[in-house]
Structure formats: C-alpha cells, structure tokens
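Residue-level structural notes
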Amino acid sequence: MIIAANLKTNLTRKQTSEYIEELENYLKKSDSTQEVLVFPATSSLDSFDGGVTVGAQNAYATKNGAFTGEIGLDHLDEFSIKTILIGHSERRHILGETQTTIIEKFNFYKNLGFKIVYCVGEPLEKREAGKDEMMEYISSQYEGIDTEYENLIIAYEPVWAIGTGLTPTLEDIQQIHSELKIKSKAPLLYGGSVKVTNAKEVLALENVDGILVGSAALYAEHFCSMISYADQLTNKQER
Ligand code: PGA
C-alpha cells in the first residue's frame, strides 16, 4: 500500500529531518513493506537516504527561469527528487491553480518520468448538488490527464473533508473509489481527515490502495501507526 504524508506549510527544515529520521527508524525496525511517501515544505527539501520517498508539494513546469516564488526542475534535481504532488485542493482552491496550469505541470513532470500523486475531489456544494453533478465535477479533473501514465498515483480527497475532521462514510469512499477505478487503473489513495482512529478501516476498503494524510501525519508516531495498520492488512492478505 502507499502511505503518504503531506506536511503542507508545517515543520521546519530541522523538524523535517528529525521527522524523516523517525520514520526511517520505524521502517527499519518494523520491516515494513509499504511504500512511504513524504511531501515536506519546499524549504525543507533535501537529500534523504533510506526507505522513505521524499517528494515536492509543488514545483513550476520549468527547469529554471523568471518565476518569482517558484522552484523548478533544477531545484528538485539537486536533491534527486523524482516525486511530485499535483492538483492538491489547496493549490486549486486557495492558490487558484486552474486545470490548464495543472495539466501543464502534469505533462512537464510526466515527460521527465516523475512519480505523480495527482489529487482530485469535490467541494461541498458539488457533493450537495447530488451524485451526478459531483461525479461530473470529479471527471472534469481527469480531463487532460494521462490516466494510463505508469508512474501515476491518484488521490481522491473531498475538499470538504480536508483538515475538517469530517469524512465521507466508508460506504461512500468505497463507492466513489470503485467508480474512479474505472477511469484509471492507477493506485488510488483516499485523503481527507484520515487519522489514527479511522486509517485502518479506510485502508481495509476495496479499491483503496493507500492514504494521503495531512494534519494527522505531522506526528511521526501517528503516521507510523498508520504504516503499521497497512502492514497488518497486507500481512493478512498474504497469509
Ligand atoms: P488532512 O489533509 O489529512 O489534514 O485532512 C489531507 C490532505 O490535504 O492531503
């Protein structure tokens, strides 16, 4: 399974390196077989050795150039970073990224072979407008995206569930995930208020290939517990 932490605008460079060290220690000790991804704040990016894959929360579709406030491929290459989060709802809705910009970014990093965690999800008014409108909205976020890209991971994150403590019911997650799986065979993560208390039941759902965790991942101990749930579920399946 894929267990991913989006640290957003949290943890300084020093705190991030301590955080990753804690995860590395846990992975070694537990012999975990999970794919663990961590997306630190841009200023905390660095070269990290070990089992944790470090990715960028954002980068501009450029190698370098005049794009004040952005980073480009050169800055990721410096730390051998080959993983990126694209289309997160905070970038779409708070920072105003359009689907056109997102497609540009997607194609740029896809052509470089990056692992892309591509986020989709509906705001509350679309959910309240009924199933058809909601699915139509989510489908529009697949437009222009190569859903067959081999290094693609999709994260379904309802906007209203992010950082709010609210989550869809398990039945809802399972149902939406099975519909989204028809659009793309890529691994499909669920994100939005995943916590130690609900991670295991979410991970156990059919068509949930992992989780993307924000606030609850800020505590390495909590995040490690979620990795351990995935290990428990994987081991059960293997037996
Ligand atoms: P949350 O964030 O776990 O704090 O809801 C998830 C995300 O934004 O990826």
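Everything in this summary refers to the structure shown in the same document. Here the structure is a predicted model, which is why all the values come from computation and not from measurement.

So, on to the packing of aromatic side chains. Counting across every chain of the model gives six aromatic pairs. Note on Y60 and F67: the rings are 4.5 Å apart at their centroids and 35° apart in plane angle, and the pair reads as tilted. For F67, a relative accessible area of 33% translates into the label partly exposed. Taken together, a centroid distance of 6.2 Å and an interplanar angle of 75° make the contact between F106 and Y149 edge-to-face. Taken together, the positions of F106 in helix α4 (residues 99-111) and Y149 in the loop between α6 (131-140) and β6 (152-156) put the pair 43 residues apart, joining distant regions of the chain. Summarising the burial analysis for this pair, F106 and Y149 share the class buried.

Glancing now at the sheet that holds strand β5 (residues 115-120). As summarised here, the arrangement of the eight strands in space is β3-β2-β1-β8-β7-β6-β5-β4, forming an open sheet in which the pairing is parallel. The open sheet has two edge strands, β3 (53-54) and β4 (83-86), and neither has a second partner. Where β6 meets strand β7 (residues 188-191), three bridges bridge the pair, whose relative direction is parallel. Counted as the bridge partner of A155 is L189 from β7. Sheet strands touched by helix α1 (residues 13-30): β1 (2-6), β2 (35-39) and β3. Its angle to β2, the strand with the most contacts, is close to 175°.

Turning to the pairing of strand β8 (residues 210-213), a few remarks are in order. The side chains of a regular strand alternate, first on one face of the sheet and then on the other. By the alternation rule, side chains of β8 split into G210 and L212 and I211 and V213, which are all buried. Here four bridges tie β1 to β8, and the two strands are oriented parallel to one another. Paired with I3 across the two strands is I211, which belongs to β8.

Our focus in this paragraph is helix α7 (residues 170-183). Given a rise of 1.5 Å per residue, 14 residues ought to cover 20 Å, and the 20 Å separating the end C-alpha atoms of α7 matches this to within 8%. What α7 keeps buried is the set I173, I176, H177, L180 and K181. Burial along α7 is one-sided: seen end-on, the buried residues are contained in an arc of 145°. Along α7, the residues that are exposed and aim more than 90 degrees away from the buried face are E171 and I182. Each element contacted by the buried residues of α7 is listed here: β5, α5 (124-128), α6, β6, β7 and α8 (199-203).

Of note, S184 is situated in the loop between α7 and β7. A distance of 2.9 Å separates a polar side-chain atom of S184 from the backbone oxygen of T147. Polar side-chain contacts of S184 include one of 3.1 Å to the backbone nitrogen of A186.

Turning next to the site of the ligand. Residues in close proximity to the ligand total 13 residues, the closest being K8, H88, E157, G163 and S215. Within the side chain of K8, one N or O atom sits 2.7 Å away from an oxygen atom of the ligand. Of the residues contributing to the shell around the ligand, the split by class is four nonpolar, seven polar and two charged.

Our next topic: the pattern of salt bridges. A full pass over the atoms with the stated rule returns 13 salt bridges. Residues D46 and R13 are paired through a salt bridge, measuring 3.4 Å at the closest nitrogen-oxygen approach. One end of the pair, D46, is in the loop between β2 and β3; the other, R13, is in helix α1, with 33 residues separating them in the sequence. The partly exposed category is assigned to D46, whose relative accessible area is 28%. Judged by its relative accessible area of 39%, R13 falls in the partly exposed class. Within this structure, R91, E97 and K105 form a network of salt bridges that share partners.

With that settled, consider the packing of α6 against α7. The contact between α6 and α7 brings their axes to 12 Å, and the two run at 45°. The orientation of α6 relative to α7 falls into the category oblique. Relative to α7, the crossing made by α6 is right-handed. Taken together, the residues of α7 that come into contact with α6 (itself represented by K131, M134, M135, I138 and S139) are Q175, I176, E179, L180 and K183.

Criteria and thresholds
- Each chain carries its own residue numbering, running from 1 in the written order of its sequence.
- Only residues with pLDDT of at least 70 get local features here, since the model is predicted, and only at 80 or more are side-chain atom pairs given and counted; chain-wide, interface and lining totals rely on the full set of residues.
- Side-chain calculation: all heavy atoms of the structure are included, whereas hydrogens and water are not.
- Any two rings among Phe, Tyr and Trp, with Trp reduced to its six-membered ring, count as a pair given centres within 6.5 Å; such a pair is stacked if its planes are under 30 degrees apart, edge-to-face if over 60, and tilted if neither.
- Each residue's exposure class comes from its accessible area (1.4 Å probe, protein chains only) as a fraction of the maximum for that residue type: buried when under 20%, exposed when over 50%, partly exposed otherwise.
- Strands here mean DSSP runs of E at least two residues long; helices mean DSSP runs of H or I at least four residues long; both are numbered from the N terminus.
- Here a strand pair is declared whenever DSSP counts at least two bridges between the two strands.
- Here, residues are in contact when the closest pair of their heavy atoms is within 4.5 Å.
- Note on geometry: axes are lines fitted to C-alpha atoms, helical ones only across the stretch in contact, with angles between N-to-C directions running from 0 to 180 degrees.
- Residue count minus one, scaled by 1.5 Å, sets the expected span of a helix.
- The arc in question is the one traced by the directions running from the helix axis out to the C-beta atoms.
- By the criterion applied in these results, polar contacts are pairs of N or O atoms within 3.5 Å in which, for protein atoms, one can donate a hydrogen and the other can accept it, and in which residues neighboring in sequence qualify only through two side-chain atoms.
- Here a residue is considered near a molecule or strand provided that any single heavy atom belonging to it is located within 4 Å of it.
- Residues are grouped as follows: Ala, Val, Leu, Ile, Met, Phe, Trp, Tyr, Cys and Pro are nonpolar; Asp, Glu, Lys and Arg are charged; every other residue, Gly included, is polar.
- In the sections that follow, a salt bridge refers to a side-chain nitrogen of Lys or Arg positioned within 4 Å of a carboxyl oxygen of Asp or Glu.
- Convention used here: angles under 35 degrees read as roughly parallel, angles over 145 as roughly antiparallel, angles from 65 to 115 as roughly perpendicular, and any remaining angle as oblique.
- Less than a right angle of anticlockwise turn of the near helix away from the far helix marks a crossing as left-handed, whereas a clockwise turn marks it as right-handed.

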